[in-house]
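# Per-entry structural report
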Amino acid sequence: MSGPYDGDGSRNSGRRDEPQEWPERILQGLLIDFCCTLVISGGLRVFDAFSWWNALATMATVMLATVLLFVVFPGTMHGVLEWTWKALRLTAPATAWTLAGAATMALVLLAGYGAYNLWDGARPCGQPLELRMLTAQDSLTALRGAAQDFERDTGKRGCRKYSVTVVPEPGPVALSDGFARLWRSSVSAENEQLFGPQPDIWIPSSTAEYEYVSHAAVSESGRLTQSCPPTAKHPDDDTHSLELCGSLGTSPLVLALFPKANAPVADSRTDPINSSTEDLLKTISDAGVRLRNIARPVPETSGAALAVTPVLYGPRSAGDAEAAEAERFAEPADLVTPDTVSLLCRFRLQMAASGDGPPDDVAVIAPEQVLFDYDMGFTLGDDDRCHRVDLLDRDPKYKQWQLYPHYASDLPLLDYPFVKIRWQGQDSEERNAAVNEFRRWLKDNPLTMRGFRDRSGKAPSVSAEDKENDTLPNIQSFLEYSKLPKKVPYPGRTGFQEILDRIKNARPKSSIHLMVDASTSMGSASGGNGGSRLGRGAAVLQSLVSQLQSTDRVDLQFSATSPSIGLGGFRVEQNAASANKETIMRNLQAMSATGRDTALDDIVEATDLARGKQEIVLLTDGQGPKSTPGLDSRTARLSDFFRRHAPDGRLRLTVVLTGPATCGDTPVREIVASLPDRAGTCVELDDAPEATQAARILSDLRWGGRA
């Protein structure tokens, strides 16, 4: 009978049972692989934080390599495994003590690490470093979302490392003045800031806007660079510097139509990019759509609107008649706003307030990514009323208000450059490093995830399953009849100063007399927006003055009487082109309601009129019947005053009411109705932004929208 032992009692290795050999080999291999994993993971710990995933990945890699070597070199690997196993058996006691010591040390380190985390987590958060970012209204929603994500991604244990404040810019013209005055409200005011704290980052709508504003920035001991050095020190002799750091993404300007107007124009078989805006407008007209106006924001307060103006004007011609007609066509008094976001916000409010449909005879000029925010139902700008719309894909009412984009090769492509701003006395290494970190973060988390295109004008390609990011292709799910071009061309750009000069020549010149009721009642609360009636109205007039062009004229008179203030006192007259235009705005801001009531007709008749077209703008809270005895005779006398001073109808009165009186109350109603040739009109201030209300009033003054 044979067995596993010879007669001398020794083991016969040649007769070993093979099925018992492989489990032993596998166990040996696993032990060796485990030891290798410990060694490799310990080495990785020097370079990276420990992770169980790292250890598991290392173990899997070592095991896979062992199996492959056994398959390719079975004999060699058997020998290596035998030798390694014998070596481990000989050093088993030392290995055991080493592993025990390592385990003890690991437990001590883990306990200490856990205690540190508990102590660190119990500490209150420190003050985050505040970064101040200024951007165009068009990109406000996207960059605020990016700033919030940046704060979250750079924070630790729930504490923020940075706090990024994103505020909208006032427009290229006001921004140019701001840099020229070193961000102060006036040349003499050392500590009074113009647009809030001085920004560290500025994201304008285009490089053309940057170039226009930067000329003012370097004129006052500033410095301008075309690169973005990461560690360069700010020179002590520079008050500030602007450093251009490249584009964050692009967005083409488009001509958008509401559904009813879009239906006969849309054709998926044609090229989505028209050869020119003129051809696009002809296609719309040939489809039977008669456009009343193109709604374009005020160019002085919107870089995007300023960039698109030359396209709307057409090629330069000997006369300005065509440009004037195009300017009037692009500035409808009922839709004028300081920026595209305000216009789209107005549409959304109209959509929510009434069952009426949209103005289908109006086209809208807008950056593509702003239209994306509107159509996707995202928050629009700073207006609390234009919050996110969550029922966009369920309520048919919202479908009626969708805007469909149309493209043309000559429409500008906005490139949104990153501009680093460094101010004397604030340029620390910590702040500079924070700005650079935010810029690097934006490279890893580009704005193409928020409705923008890349730098070349190409739309991101994202799969339909990607629900995490709000990329531009997602708009197709709402705009089923619209064709989104994969790439849009870059048509070049025109300098902003040249465009402003063309606008100045195209618009009619205005001579505006601001009359402000400074009676005691104007110091009462205004209601809706808080503050006084005088403060609320003065803010609107300040914005109106800031939007005047260089060829306009404006003067200011107070209309209250008191022992120390005579009617028409503190009269200030300025050419709007003068650097002292801010004098009127400062006087509006500094007014106080201290005088007695003066009859409205007396206020108007006290106006110091000049020749030419005259616009009287009277800011008041209205008066009761008791304040206007003999109203019929007063209105007759005022009507005669208008006929005598402007028999051709060039003298007009606009009554701007702060409340509580309305345009239908006495005596405003009677005064406006009595003026000849429809020379009187009344405007009630509402809760819209001051810049928006000022733009509407100014457009009506320029183009005579009441007639």
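In case you missed it, the structure is sitting above this.
Figured I'd write up the structure that's included with this text. Since this is a predicted model, take the numbers as computed values, not measurements.

### Description of helix α11 (residues 321–329)
- Every buried residue of α11 is accounted for by A323, A326 and E327. Relative to the axis of α11, the buried residues are bounded by an arc of 100 degrees and lie together on one face. Within α11, the exposed residues directed more than 90 degrees away from the buried face are A321, E322 and E325.
- The inward-facing, buried residues of α11 contact α10 (303–313), α16 (496–506) and α22 (690–703).

### Quick notes on the state of the cysteines
- Counted under the stated rule, the structure contains two disulfides.
- Linked covalently through their sulfurs, C345 and C386 form a disulfide whose S-S length is 1.8 Å. Linking C345 and C386, the disulfide has an S-S dihedral of approximately 100 degrees and is accordingly described as right-handed. With C345 in helix α12 (residues 340–353) and C386 in the loop between α13 (368–376) and α14 (396–400), this pair connects stretches of sequence that are 41 residues apart.
- The disulfide bridge from C663 ends at C682, spanning 2.0 Å between sulfur atoms.

### With respect to the environment of V419
- Relative to the helices and strands, V419 resides in strand β12 (residues 417–423).
- Look at V419 and you get buried, because its relative accessible area is 0%.
- Considering only alpha carbons, one finds V419 and Y210, 209 residues apart in sequence, at a separation of 8.3 Å.
- Not counting residues within four places of it along the chain, the set of residues in contact with V419 comprises D200, I201, W202, P204, Y210, L242, E243 and L244.

### Structural notes on the pairing of strand β17 (residues 651–657)
- For β17, the tally of buried residues reaches seven of seven residues, placing the bulk of the element in the interior.
- A two-sided burial pattern is seen for β17, the buried positions comprising L651, L653, V655 and L657 on one face and R652, T654 and V656 on the other.
- Bridge analysis of strand β16 (residues 614–620) against β17 gives seven bridges, and the strand direction is parallel. Following the sheet pairing, L619 is matched in β17 by V656.
- With five bridges joining them, β17 and strand β18 (residues 680–684) adopt parallel strand pairing. Bridging across to β18, L653 finds its partner in G680.
- Considered for its hand, the β-α-β crossover made up of β17, helix α21 (residues 668–674) and β18 is right-handed.

Criteria and thresholds
- Residues numbered from 1 in each chain as written.
- Predicted model: local features only at pLDDT ≥ 70, side-chain atom pairs only at ≥ 80, totals over all residues.
- Heavy atoms only, no water.
- Buried < 20%, exposed > 50% of the residue type's maximum accessible area, 1.4 Å probe, protein only.
- Helix = DSSP H or I, 4+ residues; strand = E, 2+ residues; numbered from the N terminus.
- Arc of directions from axis to C-beta.
- Contact = heavy atoms within 4.5 Å.
- Disulfide = S-S within 2.5 Å.
- Pairing = 2+ DSSP bridges.
- Right-handed = clockwise from strand over helix to strand, strands pointing away.

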